[in-house]
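Topology and contacts: notes
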Amino acid sequence: MNDTLKALFNPKTIAVIGASTKPNKLGRLIYDNIKKHKFSGKVWPVNVKGGYIGQDKIYKTLEDIDYKIDLAIIVIPAVFVPQVVKQAVDLKVKSLIVISAGFKETGPQGQVLEAKIKNVLKDSQTRLLGVNCLGLISQESSLNATFVKAMPKTGKIAFMSQSGAFGAAVLDKFENFPYGLKYFVSLGNKTDINELDLIKYWQTDDQIQVILAYLESLENGQAFIQLARQTSLKKPIIILMPGRSTAGQKAVSSHTGSLVKSTQVIDLILAKAGTIQVKNIDQLFTYTSIFAAFGQRRSSQDLFIITNAGGPAILTTDLAIKHGFKIKPPRSSCQKSLKAKLPIGASSHNPIDVLGDAPADRYQAASQILLDNYPEAAYFFILTPQITTQPNETAQIIINQFKNRKNPVLTFLLGGKQVAEAKNMLNRHQLPAFDTIETPIRALAAWYSWQKQQAKPRLATWPKFKLSQQLTDKINLSHGHLDPSLAAEVIYNLNLKLPTSLYHPLSQIPFGQNLNQVAKIISQRWPAQSYPAVVKLVSKEFSHSTDLKGVYLNLKDKKHLSLAIAKLLKIVQVKKLNRQQSYICIQKQIGAGLEMIAGFKHYPDFGFAFVFGSGGILTEIYHDIQTILLPTNPDEIKLKLSQTKIYRLLTGFRGSTAYNIDQVVKTLYNLTGLPSVVPGLVTADFNPLIINHKGVWVVDVEIFKDDK
């Protein structure tokens, strides 16, 4: 276990700096809370004014205490905190909690104070939680170092919250939560200790089964992905992250950049890290109930629904199938046994309808027959209260049948007062019971996905390419937009197919001469065997050649090519394009095919987002796009590709010939090697990729590096 945080979670000695003789002061409330909940070690109040709290002497400074302090809790005005932190560091106090507010969250003056604290901590062994936090609860030492009254029962959940107010609300709900809490940590401003430190500490604690987090920002995105991914293979990390926006770099003129929404990036990071994302506090507790109840169990996704209500059963069936559960009828021998035990009118298919008036023993008979035949399946029970139903007795039967089994079992008690005690009974025995249907089913589906992730972790890799030293030197010497011919050379070296191309810089064209004559000279450079041809105007000032009306297709010979080039040169004059950043591009025309788009956007804290989907001029309208955080692998690309609309066309739509999907996947995967060969890559666009029955062609390439 991470020893640097041991003194925080399991201190033997605590000083509360700011504890007061006045009962309503924050420092006093925290001191009283520590004493009230019978902290297992020793605790001293500290306040420059001195005095007594009951029989307990208040020490004026930390130096006055004869014991070595493991944890100092600081609750004093912000302006004095840097000085007290310095004193604690000099005394080699192992850990600090700064409850005090008034730091970077308040503006420039607060930022200066917080920077002073960071500077004091920089070369020390002291760790600091906060500043501006609610404190922590550690059942390891019976410690409630917060100003919240709630002290949840000991359990198998660890919870961190960047918001103190949200943390307090969750703690209140945890007081009656059947799965208990081992740790609660309020992160505050994350001046020192952050989510990475806590995940590391909890990762190796065998008593922790589920990690919960409310986060408003992520520190060091790449490190978070690696650590959370490693941890989530052992125990689930459930995260509620409001806003889901991230501060990336300044917007660059990039088609791909416009397709990657900033709100998507956090979702991508959390998915890449293998975490389970929830949207609100109700989902947080529903998902936690299911992950804590079923833990490391293994189960098939075969599901049997036992119900006394047809409408809710239909809704449950639809939702379950949508989320990947297999709802099949019992085998004929099992149906025969069910019919023998159930009244006429009951259904022995799946859902098994035991009729609206079903007493508890009818649920017992149906579920026992199914368990005898399908011992590995999951089970849903639905009960709506009617005059003859017995909610409490039915709950007890479910408890008796499943408390020592490993089957995932959910109970939906659709009512209010009449089913409240039955719901409480089931939850007390850690058999999750709910009064809604959709969120629990989504949560159980997430648990199954987590199971699969554990069983077969997905390896993410960068494709490996070796570029010549000459090409590498050219890339390293380039900044901003790469010269189109250099960009094309890079793509060719990623083992990708490009049409024959010729790039003619406008900076080398003598615009003072007759443009028709210049156009003829350029067209003569194009090989006779490379028709039909396409000619287009490529400018770094525009994302698309079509924006300039600067594309001509189906050029059959030098004459037509020359005329098209002359028209493009006139556009340059009229638009007054920057000739240092513009080119005439001639390409061999690939012919008809499907068009896709692909590209990258770099986020400094989190790495590269890779985008692909339907291409061409309708990309923004259709927005048939999938995004992956790199690195990836061919399997993930194929899965994401299958979720696009263009996939239906690729696989053969309405009798059309299917394209080579594996070739498309290989092309997309090879493209993901670009960041590894272009240091400082910011964005890249490949629009379009043309897919036909001869292969996948990278037609237009735009690569943008940083300016450093």
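For the structure, check the block above.
By convention here, each chain's residues receive numbers from 1 onward along its written sequence. A pLDDT threshold of at least 70 governs which residues receive local features in this predicted model, and a stricter bar of 80 or more applies before side-chain atom pairs are shown or counted, although totals over entire chains, interfaces and linings include all residues. To obtain the side-chain values, all non-hydrogen atoms of the structure were included, while hydrogens and water were left out.

Looking only at helices and strands, the chain has 25 helices and 29 strands in total. The buried label goes to any residue with under 20% of its type's maximum accessible area, the exposed label to any with over 50%, and the partly exposed label to all in between, with areas taken from a 1.4 Å probe on protein chains only. Relative to its full complement of 708 residues, the chain shows a buried share of 56%. With the model as given, the accessible surface of the chain reaches about 31400 Å², and the carbon-plus-sulfur share is 51%. Neither His nor the chain ends contribute to the count of charged residues, in which Lys and Arg are positive and Asp and Glu negative. To locate a charge, take NZ of a lysine, CZ of an arginine, CG of an aspartate or CD of a glutamate. Once the 84 positive and 52 negative side-chain charges of the chain are each reduced to a mean point, those two points are 4 Å apart. Segments assigned H or I by DSSP are reported as helices when at least four residues long, segments assigned E as strands when at least two residues long, and all are numbered from the N terminus. Here the Shrake-Rupley method, with its probe set to 1.4 Å, supplies the accessible areas, and only the displayed protein chains count as covering residues.

The next thing to look at is the pattern of salt bridges. The term salt bridge refers to a pairing of a side-chain nitrogen on Lys or Arg with a carboxyl oxygen on Asp or Glu at a separation within 4 Å. Counted under the stated rule, the structure contains 18 salt bridges. Across the pair Lys-94 and Asp-70 runs a salt bridge, and its minimum N-O distance is 3.7 Å. One end of the pair, Lys-94, is in the loop between α3 (81-90) and β6 (95-98); the other, Asp-70, is in the loop between β4 (56-57) and β5 (71-74), and 24 residues separate them in sequence. With relative accessibility at 41%, the residue Lys-94 sits in the partly exposed group. Look at Asp-70 and you get buried, because its relative accessible area is 10%.

Right, let's get into the side chain of Asn-33. Tracing the backbone shows Asn-33 in helix α2 (residues 26-36). Judged by its relative accessible area of 7%, Asn-33 falls in the buried class. At 3.4 Å, the side chain of Asn-33 and the side chain of Asn-144 are in polar contact. Two N or O atoms form a polar contact when they lie within 3.5 Å of each other; inside protein one atom must be a possible hydrogen donor and the other a possible acceptor, and for residues adjacent in sequence the pair counts only when both atoms belong to side chains.

Describing two packed helices takes the angle between their axes plus the distance from one axis to the other. Two elements in contact, helix α6 (residues 195-203) and helix α7 (residues 221-232), have axes separated by 10 Å at closest approach and are oriented at 20 degrees. In terms of orientation, α6 and α7 fall into the roughly parallel class. Crossing handedness for the pair α6 and α7: left-handed. Here Glu-195, Leu-196, Ile-199, Lys-200 and Gln-203 of α6 come into contact with α7, specifically with Ala-223, Phe-224, Leu-227, Gln-230 and Thr-231. In this classification, Asp, Glu, Lys and Arg are treated as charged, Ala, Val, Leu, Ile, Met, Phe, Trp, Tyr, Cys and Pro as nonpolar, and every other residue, Gly included, as polar. Residue classes in the contact of α6 with α7 are distributed as five nonpolar, three polar and two charged. To define axes, lines are fitted to C-alpha atoms, for helices over the stretch in contact only, and angles between the resulting N-to-C directions are given on a 0 to 180 degree scale. Roughly parallel means an angle under 35 degrees; roughly antiparallel, over 145; roughly perpendicular, 65 to 115; everything else is oblique. Left-handed is the label given to a crossing in which the near helix is rotated counterclockwise from the far helix by less than a right angle, and right-handed is the label when the rotation is clockwise. Throughout, a residue-residue contact means that at least one pair of heavy atoms, one from each residue, lies within 4.5 Å.

Inspection of the secondary structure puts Gln-203 in helix α6. Here the side chain of Gln-203 touches Thr-231 through a polar contact of 2.9 Å, side chain to side chain. Not counting the four nearest positions on each side in its chain, Gln-203 is found in contact with Leu-227, Gln-230, Thr-231, Lys-234 and Lys-235.

With that settled, the discussion passes to the environment of Val-354. Inspection of the secondary structure puts Val-354 in the loop between β16 (352-353) and α13 (360-373). On the basis of relative accessibility, which here comes to 0%, the residue Val-354 falls in the buried class. Considering only alpha carbons, one finds Val-354 and Pro-343, 11 residues apart in sequence, at a separation of 7.9 Å. Leave out the neighbours within four places in its chain, and Val-354 touches Ile-306, Thr-307, Asn-308, Leu-342, Arg-362, Tyr-363 and Ala-366.

Every other side chain in a regular strand lies on the same face of the sheet, so the side chains alternate between the two faces. Across the 12 residues that make up strand β27 (residues 681-692), a large majority, 12, are buried. Both strand β24 (residues 594-603) and β27 contribute to a ladder of seven bridges, which runs antiparallel. Paired with Glu-595 across the two strands is Ile-690, which belongs to β27. Here five bridges tie β27 to strand β29 (residues 701-705), and the two strands are oriented antiparallel to one another. Directly across from Leu-681, in β29, lies its bridge partner Lys-705. The pairing criterion is simple: DSSP has to find at least two bridges between the two strands.

For the pair helix α10 (residues 281-294) and helix α16 (residues 438-455), interaxial distance at closest approach is 9 Å and the crossing angle is 45 degrees. Here α16 runs oblique to α10, going by the angle between their axes. For the crossing formed where α10 meets α16, the hand is right-handed. Packed against α10, whose contacting residues are Gln-283, Thr-286, Tyr-287, Ile-290, Phe-291 and Phe-294, the element α16 presents Thr-439, Pro-440, Arg-442, Ala-443, Leu-444, Ala-446, Trp-447 and Trp-450 at the interface. Grouping the amino acids of the contact of α10 with α16 by side-chain chemistry returns 10 nonpolar, three polar and one charged.

When helix α22 (residues 634-641) is considered as a whole, its buried residues turn out to be Glu-636, Ile-637 and Leu-641. Taken down its axis, α22 places every buried residue within 135 degrees of arc, on the same side. Think of the arc as the fan of directions from the helix axis to the C-beta atoms.

Strand-to-strand pairing in sheets goes through backbone hydrogen bonds, with the strands running parallel or antiparallel. With respect to topology, seven strands assemble into an open sheet ordered β9-β8-β11-β10-β12-β13-β14, the strand pairing being mixed. Each having just a single partner strand, β9 (143-146) and β14 (276-278) make up the two edges of the open sheet. For this sheet, the mean angle separating the axes of adjacent strands, direction not counted, is 15 degrees. In this structure, strand β8 (residues 135-138) lies alongside β9, joined through four bridges in antiparallel fashion. Bridging from a neighbouring strand, Gly-135 pairs with Thr-146 of β9. Sheet contacts for helix α5 (residues 164-174): β8, β10 (157-161), β11 (183-186), β12 (210-214) and β13 (237-240); angle to β10, the most-contacted strand, approximately 155 degrees.

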